[in-house]
Amino acid sequence: MKSVALVELFSYHSECLYSQLLFMQGHARVVLIVDQRLEPIVKTFGKVYDECRFFDFKNLSSLLKLRSFLIHSKIDTVVLNTAQGSIPLKLMLLPFPKRIHFVGTIHDTQKLTESFGQQLISRKIKSYYVLADYVNREFPAHLGLKHQFFIPAFYPQFDKVDLPEKKDEIWVCIPGAIESKRRDYKMLLALAQHSQLNDNVKFVLLGNAALGEGEAFVEEINRLNIAHRFVYFNKRVSDEQFYSYIREVDYLLPLIHSDTHTAGDYTKTKISGMFPLSLAFKKTMLCHNFFANVKGFDYNVLFYDNLDVLVGIINVSKKVEQIFTADFTENQSRYLSLL
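Conventions used here
- Residues numbered from 1 in each chain as written.
- Predicted model: local features only at pLDDT ≥ 70, side-chain atom pairs only at ≥ 80, totals over all residues.
- Heavy atoms only, no water.
- Phe/Tyr/Trp six-rings, centres within 6.5 Å; stacked < 30°, edge-to-face > 60°.
- Helix = DSSP H or I, 4+ residues; strand = E, 2+ residues; numbered from the N terminus.
- Buried < 20%, exposed > 50% of the residue type's maximum accessible area, 1.4 Å probe, protein only.
- Pairing = 2+ DSSP bridges.
- Axes fitted to C-alpha atoms, helices over the stretch in contact; angles between N-to-C directions.
- Contact = heavy atoms within 4.5 Å.

Novice: Even after reading the chapter, I still don't get the packing of aromatic side chains, so can you show me in this structure?
Specialist: Both the distance between ring centres and the angle between the ring planes are used here to describe each pair of aromatic rings. Across all of its chains, the model carries 30 aromatic pairs by this definition. Each ring, one from Phe 217 and one from Phe 230, has its centre 5.6 Å from the other, and the planes form 80°; the classification is edge-to-face. With Phe 217 in helix α9 (residues 214–223) and Phe 230 in strand β10 (residues 230–233), this pair connects stretches of sequence that are 13 residues apart. The class of Phe 217 is buried, set by a relative accessible area of 7%. With a centroid separation of 4.9 Å and an interplanar angle of 70°, the aromatic rings of Phe 297 and Tyr 299 are classed as edge-to-face. Classification of Phe 297 by relative accessible area gives buried; the value is 8%. Under the relative-accessibility criterion, Tyr 299 is labelled buried at 6%.

Novice: Can you walk me through the sheet that holds strand β6 (residues 127–130) in this structure?
Specialist: A sheet is described by the order of its strands in space; here seven strands give the open sequence β3-β2-β1-β4-β5-β6-β7, paired in parallel fashion. At either end of the open sheet lies a strand with only one pairing partner, and these are β3 (51–55) and β7 (146–149). Adjacent strand axes in the sheet meet at a mean angle of 20° when their direction is disregarded. The pairing of strand β5 (residues 101–105) with β6 spans two bridges and is classified as parallel. Directly across from Thr 105, in β6, lies its bridge partner Tyr 129. On the sheet, helix α3 (residues 61–72) packs against β1 (3–8), β2 (29–35), β3 and β4 (77–80) and is oriented at approximately 160° with respect to β3. Against the sheet, helix α13 (residues 328–338) touches β4, β5, β6 and β7, its axis set at about 165° to β7.

Novice: Help me out: how do you make sense of helix α10 (residues 239–248) in this one?
Specialist: In an α-helix, one turn spans 3.6 residues; hence positions three or four apart end up facing the same way. Taken as a whole, α10 has its buried residues at Asp 239, Phe 242, Tyr 243, Ser 244, Tyr 245 and Ile 246. Next to the buried residues of α10 lie α2 (39–42), β8 (170–175), β9 (201–208), β10, β11 (251–252) and α11 (274–280).

Novice: How should I be thinking about the sheet that holds β9 in this particular structure?
Specialist: In sheet architecture, strand pairing relies on hydrogen bonds along the backbone and comes in two forms, parallel and antiparallel. The six strands lie next to each other as β10-β9-β8-β11-β12-β13, forming an open sheet whose pairing is parallel. Two strands close off the open sheet at either side, each with one partner strand: β10 and β13 (301–304). Of the strand pairs in this sheet, strand β12 (residues 284–288) and β13 are connected by four bridges, and their pairing is parallel. The residue bridging Cys 287 from the neighbouring strand is Phe 303, located in β13. Sitting on the sheet, helix α12 (residues 307–315) is in contact with β8, β9, β11, β12 and β13, with an inclination near 145° to β13.

This is the structure:
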């Protein structure tokens, strides 16, 4: 049986690990190798791998230890869960036996053509996963690299935690850190102040509002006297709390519009983490018409082109008529075909 090492060199993108581990069960002996900062998350996975190792990848000497482990453990294939950035580059510049095959997930395919470092990585990694059909369709074919997509829409079973009583409220959820380069928070403020928005609508910010731009945003909603519209957290949201809220919310709101920074990338080269969430938990996403003509954008979406339309959708609690889900067998087949 093939021996595979699934490796995450950073403290993020852990949401993509569990799906891959499920895909490989029964098809390979899998060693999960992650940065030690991910240990609390990995411990929630259960026994979906054969072995697990933790390294301090903030210390670059760990790359040499990792190389030694991969060689002496007779690993056939290494899958880099994040195959872009300076740390993967340093690893790929180390010598490895030709018997070890490298595959990687690239989270933004424009790196393939615009980053010299990524071009160096691609000398060793010639097969890439992407995370959506529409990204796979736009993969730069002229590079001659193999590519396939899988949807990371399979999650461990987290314990439910008690949430505030929802009553007849409509919960609109924006997961993630508060970052204006990723999402249009000015539009969110305008939405929360809209004169026609029903009083029972609340916006759930599922991230640590004490970090980055979060404090300034909280100050602004207090200044505008709309803090009652928001649920937010001043500390890290646990996985149990995060997924308990995701199960209960009515909508996911990506807040990506044509004038959002790097907005066009979300239609060609990368995804928002909300996209697979909508499939995994059968949640309706509210997306700007900016996405309406993207081929392969097969999510549970209602489109709007202005605030008035969006408010109308939310007020009547409109949902999509056809629910899309991520088919496990199809995703596993695509994943294994490239592996």
